[in-house]
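# Structural features, examined
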Amino acid sequence: MTVLDTRALNRATLARQLLLDRADLPVLDAVAHLCGLQAQEPQEPFIGLWSRLSAFAPAQLGDLLTGRHVVRTHLMRRTVHLLTADDVLAWRGRHDAMLRQRVLGTYRRELEGVDLEELAAAGRAVMADGEPRSMPELARAVAGRWPGPGPRPLGEMLVAALIPMVQLPPRGLWRTKGGVRNVPLATWLGREPAPPAPNGAGTGRPVPGVPDASDPGVPDASGPGLPDASDPVGEALVRRYLAAFGPAASADLRAWCGLAGLPRAVAAVREELVSFRDERGRELLDLPDAPRPDPGTPAPVRFLPAFDNAILGYQDRGRIIDDAHRGLSVAGERVVLVDGRVAATWKAADGTVTVFPLRRFSRAERTAVGEEGEALAAFLSDGESRRAEIGPEHG
């Protein structure tokens, strides 16, 4: 079996993530290809799309949000993502059980004894009037029936798990500040999310005779012999993930979406896929015709936003960030890719983009970082500034 070294995986990731060459794609198509963008910081997706698209204007994304073609909602890993309307309607039911379990992982003690189906029904009754509400407002509206847990556990369970919700604009619009106001997904889009598969495959709940990927005894890559139980949404997620992130191991897939129970989906599509190994010996799966550029392909400097899925979308992030700097990826630091790898962090203030190297740059690297930083400064300031500077190295 062919072994792909770290550089080969890096170039494949850059190509799939539209970071090797800026793509000439409509914004909606780019959001769909990337399987959404992590978006708990409302302005960050604009930077992520600017770094990936050849002619991106912030108004294009704003129009998609107000036009209800893309939405902000809790999904993968229970984090806020910016997704196409079609994708969230298709995928939300498959994530239901994971979202509940992740909220319970934080608030199990507080929510002990609360019937979640009753809580969901009460929350839906409150939201039936179509009025947008903040999480605290919704929690207070049902707290009389469940006074024990407190508003935060009730609110998070309702908004992030029990009721598919959308965060309404102006939240997420360019240079616009707005608090989080939620309405049900079905109210905003006029369509109900696809229900979980009736046999349990779409819910993440255990299915008799099918191994659960959350069990440490279940291997990362699924093999033959799994019972025949359909998981069409899981299969679609496997294909879409590999198109945007492959080649990748099953553990990487789970790290991206947060779902357990995907061995059945992987097993169902294995005959469509090709296999490799990484230098650790893990099996990597991929779509046969997906781009895997020559490892020697030059990689341009790219500025990434906080929490970019090009980094967070893997269990093993060594293809793009050194282990010594892995903590940056979950600390909300914006990073700079030099030769395809995280080599600096960056900040923007008062019209100036400042880069803080994680290693010494060559003269050519300093020039390339400075030029891309100037272009980013112009984007962030609507052309009023092109100031970029390289600060001291991280201590």
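Computed from a predicted structure; not experimentally measured. (Residues numbered from 1 in each chain as written. Predicted model: local features only at pLDDT ≥ 70, side-chain atom pairs only at ≥ 80, totals over all residues. Heavy atoms only, no water.)

## What to know about the overall build of the protein chain
Condition: Strands are runs of DSSP state E lasting at least 2 residues, helices are runs of H or I lasting at least 4, and numbering of each runs from the N terminus. For the radius of gyration, the atom set is restricted to C-alpha positions; the globular benchmark scales as 2.2 Å times the number of residues to the power 0.38. For each residue, the accessible area found with a 1.4 Å probe, counting protein chains only, is set against the maximum for its type, and the residue is called buried under 20%, exposed over 50%, and partly exposed in between. Accessibility throughout is a Shrake-Rupley quantity obtained with a 1.4 Å probe, and a residue counts as covered only by protein chains that appear here.
Helix and strand counts for the protein chain come out as 15 helices and twelve strands. Here the C-alpha atoms of the protein chain give a radius of gyration of 22 Å, agreeing with the 21 Å that 2.2 N^0.38 yields for 395 residues. Here the protein chain holds 395 residues, and the buried ones make up 55% of them. In the form shown here, the protein chain has an accessible surface area of approximately 16800 Å², with 51% of it arising from carbon and sulfur atoms.

## Brief notes about the nonpolar core
Rules: Grouping buried Ala, Val, Leu, Ile, Met, Phe, Trp, Tyr and Cys residues that are joined through side-chain atoms within 4.5 Å yields what is termed a nonpolar core. When checking whether two residues touch, look at their non-hydrogen atoms; a contact exists if any pair is within 4.5 Å.
In this structure, Leu119, Met157 and Trp256 are the most contacted members of the largest nonpolar core, which totals 62 residues. No other element matches helix H9 (residues 151-162), which puts seven residues into this core. Residues within four places of Trp256 in sequence aside, it is in contact with Cys35, Met76, Arg77, Leu237, Tyr241, Phe245, Asn309 and Gly313.

## A short note on unusual backbone geometry
A cis amide bond links Pro169 with the next residue in sequence, Pro170, at an omega value of 15°. Within the secondary structure, Pro170 is located in the loop between strand E4 (165-167) and strand E5 (182-184). Positive phi, close to 70°, is recorded for Arg68, a residue that is not glycine. Mapping Arg68 onto the fold places it in the loop between helix H4 (58-66) and strand E2 (70-74). Positive phi, close to 55°, is recorded for Asp339, a residue that is not glycine.

## Examining the packing of helix H6 (residues 96-107) against H9
For clarity, the cut-off: To get an axis, a line is fitted to the C-alpha atoms, and for a helix only the part in contact is used. The angle between two axes follows their N-to-C directions and goes from 0 to 180 degrees. Orientation categories follow fixed angle ranges, with anything under 35 degrees roughly parallel, anything over 145 roughly antiparallel, 65 to 115 roughly perpendicular, and all other angles oblique. What makes a crossing left-handed is the near helix being turned counterclockwise from the far one by less than a right angle; a clockwise turn instead makes it right-handed. Residue polarity follows a fixed list, in which Ala, Val, Leu, Ile, Met, Phe, Trp, Tyr, Cys and Pro are nonpolar, Asp, Glu, Lys and Arg are charged, and the others, Gly among them, are polar.
It is the contact of H6 with H9, at a shortest axis distance of 9 Å, that shows an interaxial angle of 165°. In terms of orientation, H6 lies roughly antiparallel with respect to H9. Crossing angle aside, the handedness with which H6 passes H9 is right-handed. Of H9, the residues touching H6 (which contributes Leu99, Arg100, Val103, Leu104 and Tyr107) are Arg152, Pro153, Glu156, Met157, Ala160, Ala161 and Leu162. Classifying every residue of the contact of H6 with H9 gives nine nonpolar, no polar and three charged.

## Looking at the packing of aromatic side chains
This is how the line gets drawn: Stacked, edge-to-face and tilted are the three classes for Phe, Tyr and Trp ring pairs, Trp counted by its six-membered ring, which pair at centre distances within 6.5 Å; planes under 30 degrees apart are stacked, over 60 edge-to-face, the rest tilted.
Scanning the entire structure with this criterion turns up ten aromatic pairs. Plain terms: the ring middles of Phe56 and Phe379 are 6.1 Å apart, the flat faces sit at 45° to each other, and that makes the pair tilted. Here the residue Phe56 occupies a position in the loop between helix H3 (44-50) and H4, and Phe379 occupies one in helix H15 (residues 363-380), the gap between them amounting to 323 residues. Accessibility assignment for this pair places Phe56 and Phe379 in one class, buried.

## What about the environment of Gly123?
Structurally, the position occupied by Gly123 is in helix H7 (residues 116-127). Setting aside residues no more than four positions away along its own chain, Gly123 makes contact with Leu138, Val142, Leu158 and Ile163.

## Description of the pattern of salt bridges
Opposite charge on two side chains permits them to pair, given that their charged atoms come into close proximity. Heads up, the rule is: The working definition used for a salt bridge is a side-chain nitrogen of Lys or Arg within 4 Å of a carboxyl oxygen of Asp or Glu.
Counted under the stated rule, the structure contains 28 salt bridges. A salt bridge links Asp86 to Arg191, with the nearest nitrogen and oxygen atoms 3.4 Å apart. Of this pair, Asp86 sits in helix H5 (residues 85-91) while Arg191 sits in the loop between helix H10 (185-189) and helix H11 (232-245), placing them 105 residues apart in sequence. When its relative accessible area of 40% is taken as the criterion, Arg191 is described as partly exposed. Each of the salt bridges in this network shares a partner with another, and the network as a whole consists of Asp252, Asp278, Arg280, Arg282 and Asp316.

## Observations concerning the sheet that holds strand E3 (residues 80-84)
The line we're drawing: Note: two strands are recorded as paired if DSSP finds a minimum of 2 bridges between them.
Taken together, the three strands give an open sheet; going across it, the order is E1-E3-E2, and neighbouring strands pair in antiparallel fashion. For this open sheet the edge positions go to strand E1 (37-38) and E2, each flanked by a neighbour on one side alone. The pairing of E1 with E3 spans two bridges and is antiparallel. Pairing of Gln38 across the sheet is with His81, part of E3.

## A look at the sheet that holds strand E12 (residues 387-390)
Strand order in the open sheet made by the five strands is E8-E9-E10-E11-E12, with mixed pairing throughout. Looking at which strands have only one partner, the edges of the open sheet turn out to be strand E8 (302-304) and E12. Going from strand to strand, the sheet's axes swing by 30° on average, the running direction of each strand aside. In the sheet, strand E10 (residues 341-349) pairs with strand E11 (residues 352-357) via six bridges, with the strands oriented antiparallel. What sits directly across from Thr345, in E11, is Phe356.

## Looking at the environment of Asp286
Which entries qualify depends on this criterion: We define a polar contact as two N or O atoms separated by no more than 3.5 Å, with the added condition that, inside protein, one atom must be a possible hydrogen donor and the other a possible acceptor, whereas residues neighbouring each other in sequence contribute only through side-chain atom pairs.
Among the secondary structure elements, Asp286 is positioned in strand E7 (residues 283-286). Between the alpha carbons of Asp286 and Ala248 there is a distance of 6.8 Å; along the sequence they are 38 residues apart. The residues contacting Asp286, other than those within four sequence positions of it, are Arg16, Leu242, Gly246, Pro247, Leu273, Val274, Phe276 and Arg292. In this structure the side chain of Asp286 is engaged in a polar contact, spanning 2.6 Å, whose partner is the side chain of Arg16. Separated by 2.7 Å, the side chains of Asp286 and Arg292 make a polar contact.

## Let's talk about the packing of H11 against helix H12 (residues 250-257)
At their nearest, the axes of H11 and H12 sit 11 Å apart, and the two run at 95° to each other. The angle between the axes of H11 and H12 places the two elements in the roughly perpendicular class. Within the contact between the two elements, H11 uses Leu237, Val238, Tyr241 and Phe245 and H12 uses Asp252, Leu253 and Trp256. Considering only residue class, the contact of H11 with H12 consists of six nonpolar, no polar and one charged.

## Digging into H9
Most of H9 is tucked away, with ten of its twelve residues classed as buried. Close packing links the buried residues of H9 with E2, H6, H7, helix H8 (135-142), E4 and E5.

So, to be careful, I would describe these as geometric facts and stop short of saying anything about function.
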